[in-house]
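Close look at the chain arrangement
Residues per chain are reported as follows:
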Amino acid sequence: MNSFAFIIHPIDPKRDVARKYPVLGKVLPEAAIHFFSRFWPPLKLSRVTGARSAATGAEAEGWILAVPYTSRRMLSLPPKEVYRKIIAAGELAQSLGAQILGLGAYTSVIGDGGVTIARELDIAVTSGDSYTASVAVDATREAARQMGLDIGATTLAIVGASGAIGGVVAQLFAPSVAQLLLVGRQPARLEGLVAKLAAAGHHNVTLSTQVADIRQAEVVMTVTSSGGNLVQPDMLRRGAVVCDVSRPRDVSWAVSRARDDVLVIDGGLVRVPGTIDFGFDYGLPPDLTYGCFAETIALALEGRYEDYSIGRELSVAQVQEMAALTAKHGFSLAALRSFERKLDESLIQQVKARATSAT
Ligand SMILES: NC(=O)c1ccc[n+]([C@@H]2O[C@H](COP(=O)([O-])OP(=O)(O)OC[C@H]3O[C@@H](n4cnc5c(N)ncnc54)[C@H](OP(=O)(O)O)[C@@H]3O)[C@@H](O)[C@H]2O)c1
């Protein structure tokens, strides 16, 4: 049997701890959860069954493991200390019999994008970022289409463009948008990407270190490791389409309350082929998962036990290969969701109406 393991960690401390330990999640204050998360060992959360390739009939099973660091804890600790716990979770995966390990959320963000962790483990490791990038691009295009935007005529902003997903997404979008705005913290990193895009013939690119500059863009993808709440209601243009790939989410919940004229979608959600049972509620509908988890399962269904999507430089070819591999096995983009709720046609029509009514 093909087998995999996938590591998750608490993102919303109280809510996520309560998923496994309802009493602790209820009684412990958030600050205590951040504090204690440093001392908790990695643990097995569930057995995952039922993934089945639509093409070959191959099946895969696995485990969800938890590294009990919160995102804030991981950002504040020395990377070496974070690595130690992720590697311990990887060793747990190995002892369970997993042949490939997926690094969820910040477990691939901290440090060098999974390079050290992959080196320290005997099994294959993926960050899942290639398929995440692929489905985020598809979801953004679909959301723009549903909002009646011609993406080829838009300015598209990528917040976190200097990162692994942001950098490759910029390369994927560059040929098909009017203008690309790359937003990040470090101009030197953004300039490297601008030069790469120029070498590929794309000169329609500007850069900024101010997140508020996304007000220029009709379409925004945000994919940072900022720790959340980077995008506030006053930063968005009327009628904007925003794909939030980041976990914790970059787009503040205040946007959902204050801006009923913009469409924010949760990026990178996927339907898994077969009759998948994750055995643990990590906050999505039972048959959906994140692109990074789906990539891990797809590599297991393919029996391709090699490191994938590791490091900060993802290539367009890698993303396209993963898109083809996942499509072959029957993975597909899930129906669009916004702030954890499914988006139906009437909701999108309401957003569209509000976006146009006050202009
Ligand atoms: N939805 C999914 O399926 C899925 C799957 C995988 C990952 N993710 C999420 O996607 C995000 C990015 O992942 P990644 O692997 O691409 O990480 P990454 O390679 O570490 O890139 C993150 C980028 O965000 C930038 N950044 C951090 N804070 C910022 C700020 N305040 N303003 C502007 N840029 C900022 C960083 O800039 P510097 O270069 O200056 O450090 C870095 O370049 C994470 O939140 C991760 O949890 C989601």
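Residues numbered from 1 in each chain as written. Predicted model: local features only at pLDDT ≥ 70, side-chain atom pairs only at ≥ 80, totals over all residues.

**Things to note about helix α11 (residues 291-302)**
Note the threshold: Put simply, DSSP H or I for four residues or longer makes a helix, DSSP E for two residues or longer makes a strand, and each gets a number counted from the N terminus. The span expected for a helix works out to 1.5 Å for each residue beyond the first. Burial is judged by counting the other C-beta atoms within 10 Å of a residue's own C-beta: 20 or more makes it buried, 12 or fewer makes it exposed, and any count in between marks it as partly exposed, with every C-beta position built from the backbone.
Given a rise of 1.5 Å per residue, 12 residues ought to cover 16 Å, and the 16 Å separating the end C-alpha atoms of α11 matches this to within 8%. Most of α11 is tucked away, with 11 of its 12 residues classed as buried. The complete set of buried residues in α11 reads Gly291, Cys292, Phe293, Ala294, Glu295, Thr296, Ile297, Ala298, Leu299, Ala300 and Leu301.

**Some thoughts on the sheet that holds strand β11 (residues 263-266)**
So the rule is basically this: Should DSSP find at least two bridges between two strands, the strands are taken to pair. In this description, a line fitted to the C-alpha atoms serves as the axis of each element, helices being fitted only across the stretch in contact, and the angle between N-to-C directions of two axes falls anywhere from 0 to 180 degrees. Residue pairs qualify as contacts under a 7 Å threshold applied to their C-beta atoms, which are placed from the backbone.
Taken together, six strands build an open sheet; the order of strands is β8-β7-β6-β9-β10-β11 and the sheet is parallel. In this open sheet, the two strands that pair with only one neighbour each are β8 (205-208) and β11. The average undirected angle you get between the axes of adjacent strands in this sheet is 20 degrees. Docked against the sheet, helix α7 (residues 129-146) engages β9 (219-222), β10 (241-244) and β11, running at close to 160 degrees with respect to β10. Set on the sheet, helix α8 (residues 164-173) makes contact with β6 (155-159), β7 (179-183) and β9; between it and β6 the angle comes to about 165 degrees.

**Notes on the environment of Thr222**
Inspection of the secondary structure puts Thr222 in strand β9. Its 26 C-beta neighbours within 10 Å are what place Thr222 among the buried residues. If we ignore the near neighbours within four places in the chain, the residues touching Thr222 are Val159, Gly160, Leu230, Val231, Val242, Asp244, Val245, Ser246, Asp250 and Val251.

**Observations concerning the site of the ligand**
Here is the rule we go by: Whether a residue is near a molecule or strand depends on its C-beta atom, placed from the backbone, lying within 6 Å of it. Ten residue types, Ala, Val, Leu, Ile, Met, Phe, Trp, Tyr, Cys and Pro, are classed as nonpolar, four, Asp, Glu, Lys and Arg, as charged, and the remainder, Gly among them, as polar. The split into domains, and so the bounds of each, comes from an automatic or database assignment of domains.
Around the ligand sit 36 residues, and of these Gly160, Gly163, Thr224, Ser246 and Tyr290 come closest. The element that contributes the greatest number of residues to the shell around the ligand is α8, accounting for three residues. Residue composition of the shell around the ligand, by class: 13 nonpolar, 18 polar and five charged. The residues that make up the shell around the ligand include at least three from each of domain 1 (2-130 + 271-332) and domain 2 (133-268 + 336-357).

**Some remarks on the packing of α7 against helix α12 (residues 316-329)**
Here is the rule: An angle below 35 degrees is read as roughly parallel, one above 145 as roughly antiparallel, one from 65 to 115 as roughly perpendicular, and any other as oblique.
It is at 8 Å that the axes of α7 and α12 come closest, and there the two elements cross at 80 degrees. Considered as vectors, α7 and α12 are oriented roughly perpendicular to each other. On α12, the residues that touch Ser130, Tyr131, Ala133 and Ser134 of α7 are Gln318, Val319, Met322, Ala323 and Thr326. Of the residues belonging to the contact of α7 with α12, the class tally is five nonpolar, four polar and no charged.

**Notes on the sheet that holds strand β14 (residues 288-290)**
Read across the open sheet, the three strands follow the order β14-β12-β15; overall the sheet is antiparallel. Of all the strands in the sheet, the pair left with one neighbour each is β14 and β15 (332-333). Across three bridges, the pairing between strand β12 (residues 269-271) and β14 is antiparallel. Note that in β14 the partner of Val270 across the bridge is Thr289. Contacting β12 and β14, α11 crosses the sheet at an angle of about 100 degrees to β14.

**Comments concerning the domain arrangement of the protein chain**
Split by domain assignment, the protein chain resolves into domain 1 (2-130 + 271-332) and domain 2 (133-268 + 336-357). For domain 1 and domain 2, the distance between their C-alpha centroids amounts to 25 Å. Contributing elements (two or more residues each) for the side of domain 1 that touches domain 2: α4 (71-76), α7 and α12. Among the elements that make up the side of domain 1 that touches domain 2, the one with the highest residue count is α12 (four residues). Of the residues belonging to the side of domain 1 that touches domain 2, the class tally is 11 nonpolar, six polar and three charged.

**Let's talk about the environment of Tyr282**
Structurally, Tyr282 is set in the loop between β13 (274-277) and β14. Taking the C-alpha atoms as reference points, Tyr282 and Arg15, 267 residues apart in sequence, are found 9.8 Å from one another.

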